[in-house]
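# A closer look at the structure
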Amino acid sequence: MNTNKSKWLMALVILLLVANTATLVIFWIDRAKHGPGPKGEVKDFLVKELKMDSVQQEKFEVLREEHHHAVDSLRAEVRQAKDHLFDLVKDSTATDSLKLATAEEVSRITEKIDLITLDHFQKLRAICTPEQQIKFDELLHEVVNRLGAPPAPKGPPPGGLGRPEGPDGPPPPSN
């Protein structure tokens, strides 16, 4: 009887190893199909994907510098405005209208950045050939996602899987 148990245990261990190996292989194959995540320079990605010539690359670099120059100070303003907004947490007398006005200030600055970025992409598209423009149009959403992608979080969010705990402990399970 004891040898029968150890045979079943050995078979179970082998089955689990095969299942884990298959899962890893599927994960690697899927990752290879979809390419790397948002790592790497967006500039290099666009140059490669659009097959830009040297003249286009020089123009692109000028456009990038203009864009960075235009949005750097605005990004600092966004940080300051958000600091001011979240400083209101400490102010128990902050009115809803003050909160709204402060949040709207963050939105106004962010809107400026978005419009400058839109203009930048229109200028970039204009230096492309008609064939490159088609490819650019296909890549645009991926490029925007790469630019705005925050770093991947490490581990689960504080308080569990996205369900914050209240003062009386974790919320009741939802069905």
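Residues numbered from 1 in each chain as written. Predicted model: local features only at pLDDT ≥ 70, side-chain atom pairs only at ≥ 80, totals over all residues. Heavy atoms only, no water.

### Section: the overall build of the chain
Applied cut-off: The helix and strand labels rest on DSSP assignments: H or I over at least four residues marks a helix, E over at least two residues marks a strand, and numbering proceeds from the N terminus. Only protein chains enter the accessibility calculation, which uses a 1.4 Å probe; a residue whose area is less than 20% of its type maximum is buried, one above 50% is exposed, and one in between is partly exposed. Contact between two residues is taken to exist if any of their heavy atoms lie within 4.5 Å; hydrogens are not considered. Only the protein chains shown count as cover for residues, and the accessible areas themselves come from Shrake-Rupley with a 1.4 Å probe.
Along its length, the chain carries 5 helices and 0 strands. Helices (α) and strands (β) of the chain occur, in sequence order from the N terminus, as α-α-α-α-α. Each of the 175 residues in the chain was classed as buried or not, and the buried ones make up 18%. In the chain, once contacts between residues fewer than 6 apart in sequence are set aside, the share between residues at least 24 apart is 61%. Total accessible area on the chain stands at roughly 13900 Å², and carbon and sulfur atoms take up 62% of it.

### A few points about the nonpolar core
A general trend in soluble globular proteins is that nonpolar side chains are found buried together. Selection criterion: In these notes, a set of buried Ala, Val, Leu, Ile, Met, Phe, Trp, Tyr and Cys residues joined through side-chain atoms within 4.5 Å is what counts as a nonpolar core.
Membership of the largest hydrophobic core comes to 14 residues, with the highest contact counts inside it found for Leu46, Leu50, Met52, Phe60, Leu124, Phe136 and Val143. No other element matches the 5 residues that helix H2 (residues 42–50) contributes to this core. Counting 7 residues, the second largest nonpolar core, distinct from the first, contains Val71, Val78, Val106 and Ile109.

### A few points about the packing of H2 against helix H3 (residues 54–87)
Applied cut-off: The angle between two axes is taken between their N-to-C directions and runs from 0 to 180 degrees, where each axis is a line fitted to C-alpha atoms and a helix contributes only its stretch in contact. With respect to orientation, any angle under 35 degrees is reported as roughly parallel, any angle over 145 as roughly antiparallel, any angle of 65 to 115 as roughly perpendicular, and every other angle as oblique. Left-handed describes a crossing whose near helix is turned anticlockwise from the far helix through less than a right angle; right-handed describes the clockwise counterpart. Nonpolar residues are Ala, Val, Leu, Ile, Met, Phe, Trp, Tyr, Cys and Pro. Charged residues are Asp, Glu, Lys and Arg, and all others, Gly as well, are polar.
It is the contact of H2 with H3, at a shortest axis distance of 12 Å, that shows an interaxial angle of 150 degrees. On the basis of their axis angle, the class for H2 and H3 is roughly antiparallel. By crossing handedness, the relation of H2 to H3 is classed as right-handed. Residues Lys43, Leu46 and Val47 of H2 form the contact with H3, whose participating residues are Gln57, Phe60, Glu61 and Arg64. Residue classes in the contact of H2 with H3 are distributed as 3 nonpolar, 1 polar and 3 charged.

### Here we look at helix H4 (residues 96–126)
Short version of the rule: Each helix should span, by expectation, one fewer than its residue count multiplied by 1.5 Å.
Over its 31 residues, H4 extends 44 Å from the first C-alpha to the last, a length consistent with the 45 Å expected when each residue adds 1.5 Å. Of the residues making up H4, those classed as buried are Thr102, Val106, Ile109, Ile113, Thr117, His120, Phe121 and Leu124.

### Digging into the side chain of Gln132
Worth spelling out the cut-off: Definition of a polar contact: a pair of N or O atoms within 3.5 Å, with one able to donate and the other able to accept a hydrogen when the atoms are protein atoms, and with sequence-neighbouring residues admitted only if both atoms are side-chain atoms.
Of note, Gln132 is situated in helix H5 (residues 130–148). The buried category is assigned to Gln132, whose relative accessible area is 8%. A distance of 2.5 Å separates the side chain of Gln132 from the side chain of Gln56, its partner in a polar contact. Ignoring anything within four residues of it in the chain, the contact list for Gln132 reads Leu50, Lys51, Met52, Gln56 and Ile127.

### Observations regarding the confidence of the model for the chain
Note the cut-off: Confidence of the predictor at the level of single residues is given by pLDDT, which spans 0 to 100.
The share of residues in the chain with pLDDT of 70 or more is 77%, and the mean pLDDT across the chain is 81. Across the chain, H4 holds the top mean pLDDT of 93, while helix H1 (residues 2–34) sits lowest at 79. Confidence drops under a pLDDT of 50 for residues 150–155, and excluding neighbours within four residues, the segment shows 0 contacts in the predicted structure. When the criterion is pLDDT under 50, residues 160–167 qualifies, and its contacts beyond four places in sequence or with other chains add up to 10 contacts.

### Topic: H3
Across its 34 residues, H3 extends 48 Å between first and last C-alpha, which sits within 8% of the 50 Å expected from 1.5 Å per residue. Three or more residues of H3 are buried, namely Gln56, Phe60, Leu63, Arg64, His67, Val71, Leu74, Val78 and Ala81. Between the side-chain oxygen of the N-cap and the backbone nitrogen of Val55 there are 3.1 Å, and the N-cap of H3 in question is Asp53.

### Quick notes on the packing of aromatic side chains
Aromatic rings in a pair are described by how distant their centres are and how their planes are angled relative to each other. Applicable threshold: Stacked, tilted and edge-to-face are the three classes applied to pairs of Phe, Tyr and Trp rings, where Trp contributes its six-membered ring and a pair requires centres within 6.5 Å; stacked means planes under 30 degrees apart, edge-to-face means over 60, and tilted covers the rest.
As enumerated under the stated definition, the model contains 1 aromatic pair in all. Residues Phe121 and Phe136 carry aromatic rings whose centres are separated by 6.2 Å and whose planes lie at 50 degrees to one another, so their mutual orientation is tilted. Of the two residues, Phe121 sits in helix H4 while Phe136 sits in helix H5, which places them 15 residues apart along the sequence. Taking the relative accessible area as the measure of exposure, Phe121 reaches 10% and is therefore buried.

### Some words on the environment of Glu49
As for its placement among the helices and strands, Glu49 is situated in helix H2. Residues contacting Glu49, with those up to four places away along its chain left out, are Lys135 and Leu139.

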